[in-house]
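# Observations on chain architecture
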Amino acid sequence: MSNRMWGGRFTSGPDAIMEEINASIGFDHRLYRQDIAGSIAHARMLAEAGILAAEDRDAIVSGLEAVQAEIEQQTFTFSRALEDIHMNVESRLKELIGEPAGRLHTARSRNDQIATDFRLYVRDAIDTLSAQIEALQLALVARAEEEAETIMPGFTHLQSAQPVTFGHHLLAYVEMLGRDAGRFADARRRLNGSPLGAAALAGTSFPIDRQMTAEALGFDRPSANSLDAVSDRDFVLETLAAASICAVHLSRFAEELVIWSSAQFGFVRLSDKFSTGSSIMPQKRNPDAAELVRAKIGRILGALTSLIVVMKGLPLTYSKDMQEDKEVAFDALDSLSLSLAAMTGMVGDLEVNRENMREAASSGFSTATDIADWLVRVANVPFREAHHITGRVVALAEQRGIGLEGLTIEDFKSIDERIDNRIHKVLGVENSVKSRTSYGGTAPDNVLAQAARWKEALTGEKAEPTQRKSGGHGDGGIA
Ligand code: ARG
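To keep things clear, this report deals only with the structure shown in the data block. (Residues numbered from 1 in each chain as written. Predicted model: local features only at pLDDT ≥ 70, side-chain atom pairs only at ≥ 80, totals over all residues. Heavy atoms only, no water.)

To continue, consider the overall build of the chain. Along its length, the chain carries 19 helices and eight strands. Taking 479 residues into account, the globule formula puts the C-alpha radius of gyration at 23 Å, and the chain, at 31 Å, lies well above it. Over its C-alpha atoms, taken along the principal directions, the chain stretches across nearly 100 × 55 × 40 Å. Here the chain holds 479 residues, and the buried ones make up 48% of them. Counting contacts in the chain only where the partners sit at least 6 residues apart, residues at least 24 apart contribute 73% of the total. (Helix = DSSP H or I, 4+ residues; strand = E, 2+ residues; numbered from the N terminus. Rg over C-alpha atoms; globule rule 2.2 N^0.38 Å. Buried < 20%, exposed > 50% of the residue type's maximum accessible area, 1.4 Å probe, protein only. Contact = heavy atoms within 4.5 Å.)

What follows concerns a nonpolar patch on the surface. A grouping of Leu201, Leu227 and Leu316 is seen on the molecular surface, where their side chains present a nonpolar patch of about 270 Å² in accessible area. Looking at the element boundaries, leucine 227 is found in helix H9 (residues 226–231). (Patch = residues over 30% accessible without salt bridge, like charges linked within 9 Å, V, L, I, M, F, W, Y side chains within 5 Å. Areas by Shrake-Rupley, 256 points an atom, 1.4 Å probe, with all protein chains shown as cover. Salt bridge = Lys/Arg side-chain N within 4 Å of Asp/Glu carboxyl O.)

Our next topic: the side chain of aspartate 112. By the secondary structure assignment, aspartate 112 is in helix H6 (residues 110–146). It turns out aspartate 112 is buried and unbridged, and the closest side chain with the opposite charge, arginine 108, is 5.7 Å from it. In contact with aspartate 112, not counting residues within four places along its chain, are Pro195, Leu196, Gly197, Ala198, Ala199 and Val230. (Lys, Arg positive; Asp, Glu negative; His and termini not counted.)

This brings us to the site of the ligand. In the vicinity of the ligand, the contacting residues are Ser24, Asp28, Asp84, His86, Arg110, Asn111, Ile114, Tyr318, Gln323 and Lys326. Taking serine 24, its side chain carries an N or O atom lying 3.1 Å from a nitrogen atom of the ligand. For the ligand, whose free accessible area comes to 340 Å², the fraction covered by protein is 87%. Of the residues forming the shell around the ligand, the biggest block, three residues, is contributed by H6. Class assignment for the residues of the shell around the ligand results in two nonpolar, four polar and four charged. (Near = heavy atom within 4 Å. Polar contact = N/O pair within 3.5 Å; in protein donor to acceptor, adjacent residues only side chain to side chain. Nonpolar A, V, L, I, M, F, W, Y, C, P; charged D, E, K, R; others polar.)

Before going further, it helps to examine the pattern of salt bridges. The full count for this structure, using the stated rule, is 36 salt bridges. Aspartate 232 serves as the salt-bridge partner of arginine 119, at 2.4 Å between the closest nitrogen and oxygen. Taken as a pair, arginine 119 in helix H6 and aspartate 232 in the loop between H9 and helix H10 (234–260) lie far apart in primary sequence, 113 residues in all. Comparing arginine 119 with aspartate 232, the two get one shared label, buried. Residues participating in the shared-partner salt-bridge network are Glu83, Asp84, Arg110 and Lys320.

Below, the discussion takes up the nonpolar core. Core analysis: the largest hydrophobic core is formed by 98 residues, its most contacted members being Leu336 and Met346. Sort the elements by how many residues they give to this core and H10 lands first, with 15 residues. Sequence-distant contacts of methionine 346, that is, excluding residues within four places in its chain, are made with Leu257, Leu270, Phe274, Ala289, Ala290 and Val293. Listed in part, the 22 residues of the second largest apolar core include Ala379, Ile389, Val393 and Leu404. (Core = buried A, V, L, I, M, F, W, Y, C linked by side-chain atoms within 4.5 Å.)

This part is about the side chain of aspartate 370. One can find aspartate 370 in helix H14 (residues 368–379). Residue aspartate 370 is classed as buried on the basis of its relative accessible area of 5%. Here aspartate 370 is in contact with Val426, Ser432, Ser435 and Arg436, once residues within four sequence places are set aside.

A word on the packing of H6 against helix H12 (residues 325–349). Packing of H6 against H12 leaves a shortest axis separation of 9 Å and a crossing angle of 15°. Taken together, the axis directions place H6 and H12 in an arrangement best described as roughly parallel. Like other packed secondary-structure pairs, H6 and H12 cross with a definite hand, here left-handed. The residue inventory of the contact of H6 with H12, partitioned by class, reads 18 nonpolar, four polar and five charged. (Axes fitted to C-alpha atoms, helices over the stretch in contact; angles between N-to-C directions. Parallel < 35°, antiparallel > 145°, perpendicular 65-115°, else oblique. Left-handed = near helix turned anticlockwise from the far one by under 90°.)

As judged from the six bridges shared by strand E1 (residues 151–156) and strand E2 (residues 159–165), these two strands associate in the antiparallel manner. Following the sheet pairing, phenylalanine 155 is matched in E2 by serine 160. Hairpin connection of E1 to E2: two residues between the antiparallel strands, including histidine 157 at a positive phi of 55°. (Pairing = 2+ DSSP bridges.)

Helical geometry note: an α-helix holds 3.6 residues per turn, so side chains three or four residues apart project in the same direction. Between its first and last C-alpha atoms H6 spans 54 Å; for 37 residues at 1.5 Å apiece the expected length is 54 Å, and the two agree. Summarising burial for H6: 26 of the 37 residues are buried, a large majority. (Expected span 1.5 Å × (residues − 1).)

With respect to the secondary-structure elements, alanine 443 resides in the loop between helix H18 (429–435) and helix H19 (444–459). On the basis of relative accessible area, alanine 443 is assigned to the buried category, the value being 2%. As a C-alpha pair, alanine 443 and lysine 326 span 117 residues in sequence and 47 Å in three-dimensional space. Once you skip the residues sitting within four places of it in the chain, alanine 443 turns out to touch Val433, Lys434, Arg436 and Thr437.

What follows is about the environment of arginine 33. As for its placement among the helices and strands, arginine 33 is situated in helix H3 (residues 32–48). In this structure arginine 33 comes out as partly exposed when scored by relative accessible area, which is 44%.

Once that is clear, we can look at the packing of H3 against helix H4 (residues 54–72). Look at H3 against H4: their axes get within 9 Å of each other, and the N-to-C directions meet at 175°. Taken together, the axis directions place H3 and H4 in an arrangement best described as roughly antiparallel. On H4, the residues that touch Tyr32, Arg33, Ile36, Ser39, Ile40, Ala43, Arg44 and Ala47 of H3 are Arg57, Ile60, Val61, Leu64, Glu65, Val67, Gln68, Ile71 and Glu72. Split by residue class, the contact of H3 with H4 holds 10 nonpolar, two polar and five charged.

As structure tokens, this is what we get:
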């Protein structure tokens, strides 16, 4: 070849380059099931509408089933020269059944075909992800029940703020995941219109029954505008947006696992299954799975960014640009699925060091707000003033190098006469969390009630809040 620029694998020239850039079979082979299901529904509808003879339909349907079996048994040879999944399947169908294969593509185009296939694929992915989200929620709810009374520092600015219960913290993620599931369910509802029969872009002159193919494929309705049907990729964008937000949640949780499992925090221990040792530092346990979950948002959001840029400014209707929707979406949906599985595994195996959590929660004057609240509630001090008084209490404890619990009643009275013995009731972290009974607050009873509510919502079975064991966790060691 004279053009040196082509170099390497392209020495065979423009044909090879075109095949390389144009072919999608390298990735869209993943759509074989959806493609075949769409073709079978189409063939049945064509026969019903009198467009295809019954014998031809039967030959096509059993031929397509045979092709599917070959693909599943891995005896099928995909050909790049045949460009994409549609033509690979149809060409093999032709080899198997001959002439009737050529009648399948009546009243259809690859444009409505790919729009249909990919919708079906994304819909399946949403269903899988939704089930995985629920599984993670259930794992979190189970741990939340066990840890309803476990006290940990609640953070703002990653500074100890107020004591909370670990169960409450875990249920925060159950809430986030609940919204994620809602976003996927929403995307699924909008996605679920059938483009099949929009043909190339304008519809068709054949008397097709779009309602019939829509129903056969589990769609709620045929899409109402043929131009929109073949050019819309909102369903992928929405799904990737929902996936990105979900991945953000997983990433935040993963980051917490990384922090909590560090020697400095020592709140949790990830199981051996989800950590690795260092090749040169024998003391280390690295939270690799959590770190990778933390990172996956990069490629998931990357997929959304990539496709949103591809779609921007594309004139109606189909352009080949849209073929670029698949690789990124496959990768993003796979990554989210793997992240959910890893997170569910880590949550189930997590060892909690209740003693370390409690100790951290008690440090840093974390019950200062409770003193201020006590002054308001019991001594009728305006909150702003109470806040000021509490500041002086904290300063005194700090100066003595002791915790708030170490202050005597005389110490308190030296700051404000209105404080009496009853203040000691609110100084401990247990009392602090137990008092936070406002709706949505961290009190152990609230946590158990919320866990029961979620269990019922997720399993459909009525769940009674589990009883709190009196006396707390006692031993305070690793659960
Ligand atoms: N491989 C193509 C895609 O993924 C299928 C549709 C091709 N349509 C066409 N008019 N070339 O978008």
